[in-house]
Every structure is written in structure tokens, then in C-alpha cells.
Amino acid sequence: MQVNLPILLLLLCVGTLVCFLMLKLVRQRREYRILFESVPCTISIQNKNFEIIRYNREFADTFDISQGKYCYTVYKGLRERCVSCPVSRTFNDGKSHYSEEERTNKDGSKKFWIVKTAPIRNTKGEITAAIEMCLDVTHRKELEEELSRSEKKYYAIFNNIPNPVFVLDPDSHRILDCNRSVEAVYGYAQSEVISRSFLDFFVEEDKSHYEFNLNKASEINQVKQVTKDGAIRFVNIRISPTEFLGQHVLLVTAGDITKRLEAEHQLSQASKLATLGEMATGVAHELNQPLTVIKMASTFFMKKISQNEAIPAEILRNMSEKISNNIDRANRIINHMRDFARKSDMRLDKVQVNDVLGKAFEIFSQQFKLRQIAVTWELQKNLPVIMADAGRLEQVFINLLVNARDSIEKRWAKSDPNAVSEKRIFLKTALKGKKVVVEVEDTGTGIPKGIQNKIFEPFFTTKEVGKGTGLGLSISYGIVKDFHGEIRLCDPFHGGACFHLEFPIHQLTQDVEHGKK
Ligand SMILES: Nc1ncnc2c1ncn2[C@@H]1O[C@H](COP(=O)(O)OP(=O)(O)O)[C@@H](O)[C@H]1O
Ligand SMILES: [Mg+2]
């Protein structure tokens with residue numbers, strides 16, 4: 001047989017090339033296989049019957065392949081195909097699909113994974129299988145659920161706080177969120193309130209004041225607000241700046257104090273009536289003087305008329321003026337009584353302490369004179385105003401004056417009325433830091449140590465039945481607290497009792513003072 005050398009050489013070359021390419025293919029195949037096996041997510045390849053025909057190592061480690069051949073059995077332990085199956089969608093439209101899947105394990109725990117599918121085509125472009133890649137997101141899902149559970153828990157706490165809580169935008173004061181208690185206090189459903197301005201709850205005349213103060217103060221007490229049906233509610237507001245959904249907000253809690261205020265008010269009104277009884281004696285004395293002047297003038301006129309005598313113009317003018325002045329004085333006293341007896345509307349206004357103390361004293365001046373009780377005044381001029389209710393503050397001062405009077409009377413009852421009197425009340429006001437201080441001191445019996453911690457309790461009295469109600473100091477204590485002030489006993493210089501009161505000066509006045517510096 002004749003050997004054709006060139007053909008032999010050619011065959012040898014082709015053979016070597018084929019061998020080389022085959023080796024390369026085998027190496028590539030091995031590399032892809034390693035890659036397929038070591039991808040850190042589960043991969044399975046399914047034929048059109050949803051049978052798993054190949055899978056990687058991660059898949060074998062994650063799922064129990066011995067359960068069956070179908071994907072729904074291995075992945076989810078099901079006997080039938082899943083209702084929404086990303087693989088079947090890939091078979092239908094030839095596209096890649098994404099889904100989130102879950103399965104309940106035998107022990108009740110859950111497993112979650114995200115799925116991405118892609119078609120596998122043959123050389124003719126026909127889909128013969130699908131590849132399904134899964135990433136286990138159980139841990140992330142658990143964290144999300146934990147977060148959502150804790151959010152729900154805090155939201156439940158937020159909703160069940162008995163006081164209304166608002167989340168406000170600090171610039172516009174728009175309500176971003178609020179709890180369920182808002183409905184009980186304001187009558188609005190949560191949904192009606194969200195996006196409205198918190199300022200809508202304030203009475204018209206107070207809006208601008210609170211618009212300014214909401215961002216400055218941390219608490220505002222006894223604020224007057226309006227409910228859905230137009231009723232007035234009094235609330236104590238607490239404000240704290242905080243973060244909410246990544247945004248700076250104001251967290252505002254409103255404590256409804258309307259019922260408490262009403263009850264206190266009724267008690268205070270009852271004690272006011274008792275004080276009015278005290279005042280009545282003072283008023284009788286006070287009215288006596290103008291009435292005497294008027295009586296004298298009218299007797300003089302009648303006498304002149306009955307004797308047919310002319311009254312000189314100068315005298316007539318003079319006496320008419322006296323009558324008119326004294327009628328004005330009587331009117332002032334009566335109006336004062338009426339103002340005092342009137343129910344206050346529980347609003348806090350700017351009040352000058354010296355004026356109120358002067359007014360409270362006015363009604364007793366005659367009475368004190370008759371009882372030979374002297375008064376030493378030490379009022380600081382130009383005191384800044386405080387936020388209070390003038391009528392109720394007057395009630396506090398009257399209670400203190402009445403107690404001082406009673407105590408002085410008790411101590412000096414048996415003293416010689418002609419001896420030099422030590423009966424004296426000292427009334428002092430001063431500005432100390434940002435507080436207006438008032439001190440009422442007397443030369444009475446003083447308060448024994450043993451009862452000093454009881455005198456502010458309701459119904460505590462050492463006075464005889466019918467004389468003391470034991471309400472004066474306890475009501476005064478409540479009133480002073482309402483004005484954010486304090487009342488306490490202090491060391492007396494003059495042997496009797498000494499009451500020290502202090503009130504914060506009005507916020508805006510503080511700001512003005514501050515601005516001056
Ligand atoms: N200036 C005072 N001097 C002595 N004791 C006082 C004085 N003020 C109050 N007290 C004591 O405090 C008690 C309670 O006072 P208060 O609450 O005004 O009730 P009431 O005057 O009706 O007794 C008085 O009964 C008295 O014992
Ligand atoms: Mg009293």
C-alpha cells in the first residue's frame with residue numbers, strides 16, 4: 001500500500017488540533033462546572049415538566065433533593081405546582097422573571113428567598129429548560145418582621161397613651177401624625193386632624209401668641225383650646241423636639257385638665273363666697289364713709305331749703321363735688337365686690353402684682369384701722385408683670401390678710417388697747433432674678449412647728465367651728481401653682497407668721513429683658 005505522505009501529515013495536524021480543542025473544551029467545561037457548583041446561591045435547572053434536572057452544591061445543601069423530582073416538591077414540599085410560578089412564566093414568554101417565595105418548615109419556622117429565572121434554549125432557539133436562581137433572605141426578612149413588629153408595638157403604645165399626642169412639623173405646625181386619644185379630647189377622628197395646623201385648636205385671639213411659643217417653650221400650661229363641637233377645653237402642653245421618619249419634628253402631648261380645673265374652680269368659688277362674707281364687714285365700713293358724707297350734704301341742703309335760705313354758689317359747687325366723688329367711691333367698692341364674686345374664666349393674663357395686692361388690701365383698710373392693725377408697705381416699683389388671673393390672685397392675698405388679721409387678733413386680744421400697739425402686717429414685693437416675690441408677714445401668734453406641714457391641707461383649721469373652713473390656704477396653694485408659682489412659710493422677723501410667694505415673670509417680658517442686655 002502506497003502511503004501519501006502529505007495527506008498523512010495533514011491528518012496528523014488535524015488530529016492534533018482536534019485533540020487540542022477537545023482538551024480546551026474539557027478544561028472550559030470543568031471551569032464552568034466549578035463555577036456552577038461554587039456560586040453562593042442555589043441554582044436549579046428544570047425541564048418543561050418542572051422536574052429538576054440539574055442543581056448546584058448550594059442547592060443540594062439547602063434543599064432535600066431526596067423528597068422528589070419536581071421543583072415544587074423540593075423547594076416547598078408541595079404536591080402540586082405553585083399558583084404563581086416564575087419558571088412557568090419563563091416557559092410561557094421566554095423572559096426572565098423575579099419573585100419572592102416562602103415556605104413553612106415542618107417545625108413551623110419559615111424560609112424566604114428571592115427567585116430569578118431565565119430560559120435555556122437549544123440550537124434552534126427553542127426553550128428546553130429554565131434556570132432558577134434563589135437567594136436566601138430569611139434572615140433579612142426576620143429582621144424586617146422584627147422591625148415591623150416593634151414599630152407596631154410602639155405605634156400601639158403611641159395610640160393607647162391616654163393623652164392626645166401630636167407629631168408636628170416645626171415650621172408650619174402642620175400635624176404629621178397623632179394618636180387615637182385625640183378623638184376623645186377634641187372630637188376629631190385621627191384622619192380629620194392629620195395635615196391640619198395644630199394652631200387650629202387654639203382660640204382665635206391666642207393663635208399668634210402660641211405660634212411663637214410652640215417652638216420656644218418645653219411646656220405651656222392651662223392653654224385654652226376648642227373642640228370639634230366648639231366646646232372649650234383646658235390642656236397642659238408638653239413639647240419636645242425629636243426625629244420622626246428622618247425629619248425634625250415637635251412631639252406635643254396635651255393633658256386635658258378641664259375637669260380638674262372645673263372641680264378646683266367650684267371649690268375655689270365656694271371659698272370665695274366665704275371670703276366675700278369676710279369682705280362684707282370691710283365693705284360695710286368702707287361704704288359708711290361716703291354715705292356719711294352724702295347724708296351730711298343732703299341734711300345741709302334740706303335745712304337750707306326748709307329755712308328758705310340761699311346756698312352760696314361756691315358751697316353748692318363744693319358739696320355737689322363731694323357728693324359726686326363719694327358716690328364714685330361707693331361705686332368702686334361695689335364694683336370691686338362684684339368683680340371679685342364673678343366666676344373667673346380660668347384664663348391667665350398679664351397681671352401687675354402690686355395692683356392686685358393694693359386692691360385686696362383696700363377692702364380691709366377700714367377694718368384694719370378700727371382694729372388698730374398697722375400696715376407697713378415695701379413695694380418694689382415697676383415690677384414686671386406675671387401671668388395670672390387677677391381675681392384669683394386677689395383671693396390668695398385676701399386669704400393671707402384675713403389669716404394675718406385673725407392671728408393678730410388672737411394674740412393681742414387681751415392686751416391693753418391703750419398700750420403701744422404691736423399689731424402690724426408687713427407687705428413686701430420685690431423682683432428676684434426672674435421671679436416676682438411677695439411676702440406677707442404679721443405679728444400674730446405665729447404657726448407652731450407641729451402644724452406647719454398641715455396648714456396647706458384642705459379643711460385643716462385651728463379656728464373654732466363657724467370661723468374657719470380650713471380652705472383658705474389650700475385653695476391659695478392651688479391657685480399659686482396654677483400660675484406656676486410657689487407659696488411657702490418663711491422665717492418670720494416679727495414674731496408672727498411669714499408667707500413667701502413667688503411667681504415667674506411673663507415669658508415675653510423675660511425675652512424683652514434678655515434682648516436689652
Ligand atoms: N398668719 C397666720 N398666723 C398663724 N396661723 C396661721 C396663719 N395663717 C394660717 N394659719 C394657720 O393655718 C390654718 C389654716 O388656714 P386656712 O387654710 O386659711 O384656713 P382657716 O383660716 O379657715 O383656718 C389656720 O387655721 C391657722 O391655724
Ligand atoms: Mg383662712
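Note that the structure is a prediction, hence the values are computed from the model and not measured.

Q: Just give me the short version of the pattern of salt bridges, but keep the residues and values in it.
A: Evaluated as defined, the whole model comprises 26 salt bridges. One salt bridge in this structure joins Glu102 and Lys110, with 2.9 Å as the shortest N-O distance.

Q: Tell me about the sheet that holds strand E4 (residues 110-121), and name the residues and values.
A: Reading across from one edge, E2-E1-E5-E4-E3 is the order of the 5 strands in this open sheet, with antiparallel pairing throughout. Edge positions in the sheet fall to strand E2 (52-55) and strand E3 (97-104), since each has one partner strand and no second. Within this sheet the neighbouring strands show an average axis-to-axis angle of 30°, counted without direction. Against the sheet, helix H4 (residues 86-93) touches strand E1 (42-47), E3, E4 and strand E5 (127-136), its axis set at about 155° to E3.

Q: Tell me about the pairing of E5, residues and numbers included.
A: Looking down a regular strand, the side chains alternate between one sheet face and the other. As paired elements, E1 and E5 share 6 bridges and run antiparallel to each other. Bridge pairing in E5 links Gln46 to Ala130. Direction of pairing for E4 relative to E5: antiparallel, over a ladder of 9 bridges. Bridging from a neighbouring strand, Lys116 pairs with Met133 of E5. The antiparallel pairing of E4 with E5 creates a hairpin that spans 5 residues between the two strands, and Gly125 there sits at a positive phi of about 90°.

Q: So what's going on with the domain arrangement of the chain? Which residues, and what values?
A: Many descriptions give the size of an interface as the accessible area lost when the pieces come together. Entries for the chain in the domain assignment read domain 1 (35-142), domain 2 (161-256) and domain 3 (260-516). Here the C-alpha centroids of domain 2 and domain 3 sit 39 Å apart.

Q: Could you give an account of the packing of aromatic side chains, naming the residues involved and the relevant values?
A: Inspection of the entire model under this criterion finds 23 aromatic pairs. Considering the side-chain rings of Phe198 and Phe201, the 5.8 Å spacing of their centres and the 75° angle between planes classify their relative orientation as edge-to-face. Looking at Phe201, the relative accessible area reads 2%, which means it is buried. Between Phe361 and Trp377, the aromatic rings sit 5.0 Å apart at their centres with planes inclined by 90°, giving edge-to-face as the arrangement. With Phe361 in helix H11 (residues 353-362) and Trp377 in strand E12 (residues 374-379), the pair connects residues that are 16 residues apart, well separated along the chain. Members of the aromatic cluster, each reached through a chain of ring pairs, are Phe166, Tyr186, Tyr188, Phe198, Phe201, Phe202 and Tyr210. Its guanidinium or amino end placed over the ring of Phe36, Arg54 lies 5.2 Å from that ring's centre, counting from NZ or CZ. A cation over an aromatic ring shows up here: Lys153 above the ring of Tyr154, its NZ or CZ 5.6 Å from the ring centre.

Q: Please give an account of the packing of H11 against helix H13 (residues 390-412) that cites residues and values.
A: Contact pair H11 / H13: the axes reach a minimum separation of 9 Å and the direction vectors enclose 55°. With respect to each other, H11 and H13 are oriented oblique. In the crossing of H11 with H13, the sense of the turn from one axis to the other is right-handed. Taken together, the residues of H13 that come into contact with H11 (itself represented by Val353, Val356, Leu357, Lys359, Ala360 and Phe361) are Ala390, Leu393, Glu394, Phe397, Ile398 and Leu401. Taken together, the residues of the contact of H11 with H13 break down into 10 nonpolar, no polar and 2 charged.

Q: Could you give an account of the site of ligand 1, naming the residues involved and the relevant values?
A: Around ligand 1, a shell composed of 20 residues is seen, among which Thr461, Thr462, Lys463, Gly470 and Leu473 lie nearest. In the model, an oxygen atom of ligand 1 is placed 2.4 Å from a nitrogen or oxygen of the Thr462 side chain. With respect to ligand 1, the backbone of Gly470 contributes an N or O atom lying 2.8 Å from an oxygen atom. Burial of ligand 1 by the protein chains amounts to 94% of its free accessible area of 530 Å².

The rules behind these values
Residues numbered from 1 in each chain as written. Chains lettered and ligands numbered in written order. Predicted model: local features only at pLDDT ≥ 70, side-chain atom pairs only at ≥ 80, totals over all residues. Heavy atoms only, no water. Salt bridge = Lys/Arg side-chain N within 4 Å of Asp/Glu carboxyl O. Pairing = 2+ DSSP bridges. Helix = DSSP H or I, 4+ residues; strand = E, 2+ residues; numbered from the N terminus. Axes fitted to C-alpha atoms, helices over the stretch in contact; angles between N-to-C directions. Contact = heavy atoms within 4.5 Å. Domains from an automatic or database assignment. Phe/Tyr/Trp six-rings, centres within 6.5 Å; stacked < 30°, edge-to-face > 60°. Buried < 20%, exposed > 50% of the residue type's maximum accessible area, 1.4 Å probe, protein only. Lys NZ or Arg CZ within 6 Å of the ring centre and 35° of its normal. Parallel < 35°, antiparallel > 145°, perpendicular 65-115°, else oblique. Left-handed = near helix turned anticlockwise from the far one by under 90°. Nonpolar A, V, L, I, M, F, W, Y, C, P; charged D, E, K, R; others polar. Near = heavy atom within 4 Å. Polar contact = N/O pair within 3.5 Å; in protein donor to acceptor, adjacent residues only side chain to side chain. Areas by Shrake-Rupley, 256 points an atom, 1.4 Å probe, with all protein chains shown as cover.

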